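Each chain, written out:
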Amino acid sequence: MTKALIIGGGIAGPVTAMALQQAGIDAVVHEAHSSGAEGLGSFLTLATNGVDALAAIGADKRVLASGFPTPGMVLRSAGGRKLGTVATGSPRHDIPPSQTMRRTDLYEAVRNEAAARGIPFEYDKRLVDARETATGVQAIFADGSAALGDLLIGCDGIHSTVRGLIDPQAPAPTHTGVTGSGGYTFGVPVRADPNAVTMIFGKHGFFGYAAASAEEVWWFVNLPAAVGPTFTGGDLRDWLASFFADDAGPAARLIAAGEDLMPLTDIYYLPHLPHWHSQRMIVIGDAAHAPSGSSGQGASLVIEDGVMLARCLRDLPIPEALRRFETLRRPRVEEIIERAAKVNRTKAAGRVERVVQGLFLPIVLPLLARGKSMRRTYEHHIDWDERVA
Ligand SMILES: Cc1cc2nc3c(=O)[nH]c(=O)nc-3n(C[C@H](O)[C@H](O)[C@H](O)COP(=O)(O)OP(=O)(O)OC[C@H]3O[C@@H](n4cnc5c(N)ncnc54)[C@H](O)[C@@H]3O)c2cc1C
């Protein structure tokens with residue numbers, strides 16, 4: 001039986017392992033840390049296409065149990081004016097809505113689902129090197145141990161090691177010009193748009209929040225800063241709140257009462273990686289194509305990748321499967337990354353540009369939401385049984 005070495009136990013790793021198992025391929029997940037990468041980030045929205053991809057491997061139920069449906073996103077100005085509503089999914093009724101959840105819950109859900117299916121996880125295994133032969137690949141870890149497999153799949157995120165092993169000339173990820181943080185606030189009443197994530201184009205920063213219940217609000221900030229200062233605890237809270245002191249919305253209040261603040265994280269993206277694979281090694285997910293948080297698609301694309309790669313490996317010999325995977329996936333992911341880059345430019349905008357955004361967004365948003373490109377993104381469907389030619 002074919003054996004795959006998966007590097008990275010974030011989202012792509014466990015999903016790919018489950019999809020490979022469904023395709024009759026053994027996989028072992030090797031994770032650098034002593035547990036998963038959960039605990040990072042505040043919340044994310046898993047889009048309809050991500051939910052569809054999970055359903056192709058029957059893993060949607062456990063994941064969806066940890067969030068709440070958010071079919072829309074409401075955009076507001078610093079003064080509280082509604083700029084427009086954007087769908088975060090398809091208008092079709094037969095497609096389930098996007099789901100908002102804590103990042104940590106998504107990580108845990110996919111990892112627990114994979115573990116329940118008997119997928120082996122090896123922790124404290126940081127890949128440092130790999131060697132390909134004509135018949136297999138050897139992975140070498142920082143603790144001096146090694147593992148053998150028929151192929152190696154790099155699911156090791158935006159700062160991937162596998163990417164550099166496949167192509168030492170691979171480009172490094174680019175900073176978006178935005179630094180992020182986030183947290184949770186309990187017991188502070190806010191006006192929240194029902195079934196939607198609210199995004200505020202503040203005077204000095206971008207703020208997103210969603211009411212998980214009447215008592216609990218999840219929020220994140222994106223600040224136009226190249227490298228955030230290394231504040232922690234109360235200092236970080238005060239510093240973040242200061243960006244929103246001039247705005248009418250609830251941002252400053254929510255931040256001031258926030259808990260579990262995510263450390264400042266510079267946000268990167270990887271728009272174009274020339275080589276995704278060699279003969280027996282491949283990168284998928286953020287390691288191959290990271291769209292940045294602004295696309296609302298990172299996690300969904302990662303899940304699609306895992307399921308699509310498993311279908312290719314089920315139907316084609318290894319080197320050909322890797323080539324086919326890249327041909328099938330590259331146009332789609334690069335289109336979405338390009339769109340997210342435009343959103344990042346609006347988040348990194350200065351004050352004058354923000355005023356202009358307030359004028360043109362109400363006109364542009366409805367057109368964008370109805371556009372073919374958005375429907376292509378959200379209505380993507382994976383038919384597990386269809387053979388990959
Ligand atoms: C602030 C923020 C907000 C976001 N918001 C959204 C959103 O709303 N919607 C959305 O869909 N996406 C969002 N994303 C993007 C989404 O989180 C990522 O696209 C997704 O987590 C990528 O999954 P991955 O499995 O490829 O990589 P990761 O989740 O980064 O997992 C990589 C794993 O590999 C491990 N690893 C790394 N190097 C090694 C090594 N050498 N050896 C072994 N293991 C290794 C890491 O420890 C980690 O566990 C957001 C991202 C950020 C940063």
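Below is a summary of the structure that appears in this document. Because the structure is a prediction, the values reported are computed rather than measured. (Residues numbered from 1 in each chain as written. Predicted model: local features only at pLDDT ≥ 70, side-chain atom pairs only at ≥ 80, totals over all residues. Heavy atoms only, no water.)

### A word on unusual backbone geometry
Although it is not a glycine, Asp124 sits at a positive phi angle of roughly 55 degrees. The topology assignment puts Asp124 in the loop between β8 (121–122) and β9 (127–132). Taking the relative accessible area as the measure of exposure, Asp124 reaches 46% and is therefore partly exposed. For Asp260, which is not glycine, the phi dihedral falls at a positive 50 degrees. (Helix = DSSP H or I, 4+ residues; strand = E, 2+ residues; numbered from the N terminus. Buried < 20%, exposed > 50% of the residue type's maximum accessible area, 1.4 Å probe, protein only.)

### Some points on the packing of aromatic side chains
According to the stated counting rule, one finds twelve aromatic pairs in the structure shown. Here Trp276 and Phe325 contribute two aromatic rings whose centre-to-centre distance is 6.0 Å and whose plane-to-plane angle is 50 degrees, an arrangement assigned as tilted. One end of the pair, Trp276, is in the loop between β17 (265–269) and β18 (281–283); the other, Phe325, is in helix α9 (residues 318–347), with 49 residues separating them in the sequence. Comparing Trp276 with Phe325, the two get one shared label, buried. Through successive ring pairs, a cluster of aromatic residues spans Phe43, Phe68, Tyr184, Phe201, Phe206, Trp218 and Phe220. Residue placement shows Arg102 over the ring face of Tyr184; its charged tip is 3.9 Å from the ring centre. (Phe/Tyr/Trp six-rings, centres within 6.5 Å; stacked < 30°, edge-to-face > 60°. Lys NZ or Arg CZ within 6 Å of the ring centre and 35° of its normal.)

### Concerning the site of the ligand
What surrounds the ligand is a group of 31 residues, the closest being Ala12, Glu31, Arg103, Tyr107 and Ala299. The side chain of Glu31 places a nitrogen or oxygen atom 2.6 Å from an oxygen atom of the ligand. Within the backbone of Thr45, an N or O atom sits 3.1 Å from an oxygen atom of the ligand. Relative to its unbound accessible area of 1000 Å², the ligand is 86% covered by the protein chains. (Near = heavy atom within 4 Å. Polar contact = N/O pair within 3.5 Å; in protein donor to acceptor, adjacent residues only side chain to side chain. Areas by Shrake-Rupley, 256 points an atom, 1.4 Å probe, with all protein chains shown as cover.)

### Quick notes on the sheet that holds strand β12 (residues 151–154)
Judged by pairing direction, the sheet is parallel, and its five strands sit side by side in the order β8-β2-β1-β12-β18 without closing on themselves. Of all strands in the sheet, those bounded by a partner on one side alone are β8 and β18. In this structure, β12 lies alongside β18, joined through three bridges in parallel fashion. Bridging across to β18, Leu152 finds its partner in Met281. (Pairing = 2+ DSSP bridges.)

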